[in-house]
Amino acid sequence: MNSLSREQLLSVDDDDVRKTVMKDEPAGETPLTAAGLLSVDDNVEASVVRGEPVCPKPDESPAPAEELAPAEGGSATEVIRSYPIGQLCTAQVLWDRSAGQYRYELIEPRLAPGEKAAYEYIVKELHKKPGSELALMRRIGGRERILRKFDQLCAARGIRGEPRDRLLYYIERDFWGYKKIHALLQDRNVEDVSCNGYHQPVYVYLPEFESIPSNITFSTEEELDDFVMYLVQRGGKSISAARPIQDVALPDGSRLNATMYREVSSGGTTFSIRLANRARSAAELMRHGTFSPEALAFLWLAMENRCSTAFIGGTASGKTAALNAVAAFIVDRNKVVTIEDTREVRLSSRNWTALVTRETGESPITEFDLLVTAFRQRPEYVIVGEVRTPEGARTAVHGINSGHTVSMTFHADSAAGFFNRLTHEPFNISPYVAASLSICVTLSLVVLPSAGTGETRARRCLAISEVAGVVDDKLQINTVFEWDPVTDSIRMTPVRSAVLEKIREYRGWTEEQLIGEIAERAAVLQWLARNSVSGDGGVRKVAEAFRRNRRRLLDYIAAHPRAGGDTSDALP
């Protein structure tokens with residue numbers, strides 16, 4: 001590209017999308033601040049207990065800190081943040097002056113003594129399965145049977161209204177939910193839930209405050225042991241002293257890591273849950289500043305033109321969330337197969353087959369076995385989940401060199417470090433083979449200044465790099481996009497992009513057409529962010545509309561610059 005074209009391409013998105021959105025912000029939107037990171041998300045999930053949507057208050061900004069009465073011993077706590085979880089629970093973030101730390105407090109419905117007795121009686125009755133009810137269970141299912149019997153028992157004891165709702169909350173929580181930590185998994189602000197051993201509080205991870213203790217505890221060692229066994233069994237696996245470590249995908253898609261007894265942890269049984277429902281759509285990632293529209297437009301164009309991509313970073317840097325967001329641009333006419341050892345990838349595509357390894361049993365199923373199976377299903381895209389082993393890396397690279405488009409996640413802090421690990425022990429992949437991986441997206445959890453609290457942590461795309469070739473057995477890496485910590489923005493660098501040049505030549509475009517492609521996609525992405533199109537399903541609809549008739553879509557966007565909320569159903 002000549003210098004003039006390069007300048008035009010660099011100016012596609014001179015204004016950061018967050019600045020553009022905030023100039024004329026729709027109702028309910030707030031800029032990225034420390035408080036905003038803890039606000040109830042746009043797409044608040046329906047209440048598990050009542051099955052009804054939860055409507056956030058019109059003003060979700062935190063109220064001024066409320067000082068509570070001094071606690072015993074002269075200490076005091078201060079309410080930093082308070083918000084509802086579902087219909088019946090409330091979460092509070094407290095500053096404990098005496099301990100000098102933040103605390104998370106879950107406030108659940110409180111049962112009166114009579115209600116506690118009624119609950120114990122109802123639970124005892126619900127556990128009974130008389131022969132007369134077996135036929136009913138087979139016809140309507142165990143869950144519906146329990147709910148019907150619960151209503152009958154409440155009616156017989158004259159329990160109705162709010163007392164019934166409180167009892168139903170605990171029935172839902174203890175029979176089908178996650179017991180003591182159930183409400184934590186419904187809190188959209190919580191990203192991780194963990195317990196470090198016996199007689200330790202449950203910790204929650206909030207983006208602004210990081211990992212802080214909660215008021216939820218396990219009173220005995222046996223209670224924690226039983227609870228972890230329950231969690232593992234819900235994921236279809238078992239854990240014991242003989243096999244004291246397990247990675248499990250829970251029914252809601254959350255990822256559990258558990259250790260049992262003191263076999264591997266001197267403090268006793270532990271668990272850590274990475275919550276799956278915290279995944280962000282492409283629109284949300286832009287509004288939170290993780291990506292710029294220009295950077296996502298580049299990844300969208302690259303994904304569409306079959307460029308294989310690695311999403312790298314440290315723990316909790318947002319690798320899987322970014323992969324999920326970019327994969328939402330894959331339209332339904334393209335088949336996708338995912339290969340994982342623990343389910344983490346969550347796609348909105350209807351043309352998707354999810355394959356999972358099997359480590360136990362007489363015939364273990366490896367990632368390579370699944371790759372061979374995937375090839376027979378004729379996929380256009382193969383996604384290999386967290387690559388941790390040489391076999392996983394060889395599976396991903398073999399998939400690329402077999403003519404498939406592959407995306408994967410990997411633990412590394414930079415593109416240079418990623419390719420260095422890939423080409424040396426223990427992976428030992430030839431640089432000429434590794435060069436088939438076109439793009440490397442580096443993500444990280446960074447510290448940003450924030451009014452009031454001094455600083456906050458947020459996820460950012462630090463760089464988008466590409467492989468430009470191999471010289472003297474060494475991979476040549478270009479950085480196409482780079483994050484500027486001073487302005488907190490990700491910008492395109494003046495480096496000539498090998499990926500864009502390859503796409504331009506393959507599609508037979510002129511430089512002006514290539515610039516137009518980036519500009520039009522960036523405009524669509526800005527509209528997505530501006531109108532809070534939440535969920536990968538909405539992004540997929542927009543990608544489908546762009547592929548089918550982009551002119552109609554761009555005309556619709558021009559006519560509805562601020563449609564107000566998720567309008568993906570109204571797309572042409």
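Nothing here was measured: the structure is a model prediction, and the numbers come from that model. Each chain has its residues counted from 1, following the order in which its sequence is written. Only residues with pLDDT of 70 or above have their local features reported here, since the model is predicted, and side-chain atom pairs are shown and tallied only from 80 upward, although totals for entire chains, interfaces and linings are computed over all residues. Think of the side-chain values as coming from all heavy atoms in the structure, minus any hydrogens and water.

Chemist: Residues and numbers for the side chain of Arg504, please.
Modeler: Here a helix means four or more residues in a row that DSSP labels H or I, a strand means two or more in a row labelled E, and each is numbered from the N terminus. Of note, Arg504 is situated in helix α16 (residues 498-507). Exposure classes here rest on a 1.4 Å probe applied to the protein chains alone. A residue is buried below 20% of its type maximum, exposed above 50%, and partly exposed in between. By relative accessible area, which is 18% here, Arg504 ends up buried. Side chain to side chain, Arg504 and Glu501 meet in a polar contact 2.6 Å long. A contact between two residues is defined here by any heavy atoms of the two lying within 4.5 Å. Sequence-distant contacts of Arg504, defined by excluding residues within four places in its chain, comprise Trp509, Thr510, Glu511 and Leu514. The term polar contact refers here to a pair of N or O atoms within 3.5 Å; inside protein, the definition further demands a hydrogen-donor-capable atom paired with an acceptor-capable atom, and it admits residues adjacent in sequence only when both atoms are side-chain atoms.

Chemist: Break down the packing of helix α3 (residues 113-126) against helix α6 (residues 162-175) for me, citing the residues and quoting the values.
Modeler: Two elements in contact, α3 and α6, have axes separated by 11 Å at closest approach and are oriented at 45 degrees. One finds that α3 runs oblique with respect to α6. Considering only the axes of α3 and α6, their crossing is right-handed. For the pair formed by α3 and α6, the contact residues are Glu115, Tyr119, Ile122, Val123 and Leu126 on the first element and Pro163, Arg166, Leu167, Tyr170, Ile171, Asp174 and Phe175 on the second. Charged residues are taken to be Asp, Glu, Lys and Arg, nonpolar residues to be Ala, Val, Leu, Ile, Met, Phe, Trp, Tyr, Cys and Pro, and polar residues to be all remaining types, Gly included. Taken together, the residues that form the contact of α3 with α6 break down as nine nonpolar, no polar and three charged. To get an axis, a line is fitted to the C-alpha atoms, and for a helix only the part in contact is used. The angle between two axes follows their N-to-C directions and goes from 0 to 180 degrees. Roughly parallel means an angle under 35 degrees; roughly antiparallel, over 145; roughly perpendicular, 65 to 115; everything else is oblique. Crossing handedness is read from the near helix: turned anticlockwise from the far helix by less than a right angle, it gives a left-handed crossing, and turned clockwise, a right-handed one.

Chemist: An account of the pairing of strand β18 (residues 474-484) is requested, with residue identities and associated values reported.
Modeler: Two strands qualify as a pair provided that DSSP identifies no fewer than 2 bridges between them. Relative to strand β19 (residues 489-492), β18 runs antiparallel, the two sharing four bridges. For Phe481, the partnering residue across the bridge sits in β19 and is Met492. What sits between the antiparallel neighbours β18 and β19 is a turn of four residues, in which Asp488 has the positive phi angle 50 degrees.

Chemist: I'd like to hear about the environment of Gln526, residue by residue, with values.
Modeler: Relative to the assigned elements, Gln526 resides in helix α17 (residues 511-530). Residue classification places Gln526 among the buried positions, given a relative accessible area of 17%. Residues Gln526 and Pro293 lie 233 residues apart in sequence; the distance between their C-alpha atoms is 6.1 Å.

Chemist: Can you tell me about the pattern of salt bridges, naming the residues and giving the values?
Modeler: Criterion for a salt bridge: a side-chain nitrogen of Lys or Arg within 4 Å of a carboxyl oxygen of Asp or Glu. Scanning all chains against the criterion turns up 27 salt bridges. In this structure, the salt-bridge partner of Arg262 is Glu221, at a minimum N-O distance of 3.6 Å. Here Arg262, found in the loop between β9 (255-259) and β10 (270-274), pairs with Glu221, found in helix α8 (residues 221-234); they are 41 residues apart in sequence, far enough to count as distant. For Glu221, a relative accessible area of 27% translates into the label partly exposed. Where Glu544 meets Arg547, a salt bridge forms, and the shortest distance between an N and an O atom there is 2.6 Å. Residue Glu544 and its partner Arg547 are located together in helix α18 (residues 536-559), separated by three residues, close to a single helical turn. Here Glu544 falls in the buried class, since its relative accessible area comes to 18%. Taking the relative accessible area as the measure of exposure, Arg547 reaches 36% and is therefore partly exposed.

Chemist: Describe the sheet that holds β10, naming the residues involved and giving the relevant values.
Modeler: What the six strands build is an open sheet, ordered β7-β6-β5-β10-β9-β8; its pairing is antiparallel. Taken across any chain shown, the strands that pair with only one partner, and hence form the sheet edges, are β7 (210-213) and β8 (245-249). Neighbour to neighbour, the strand axes of the sheet diverge by 15 degrees on average, direction disregarded. Relative to β10, β9 is paired through five bridges, and the arrangement is antiparallel. The residue of β10 that forms the bridge with Thr259 is Thr270. Here α8 sits on the sheet and contacts β5 (192-195), β8, β9 and β10; the angle it forms with β10, its principal contact strand, is near 40 degrees.

On their own, these measurements won't tell you what the molecule is for.
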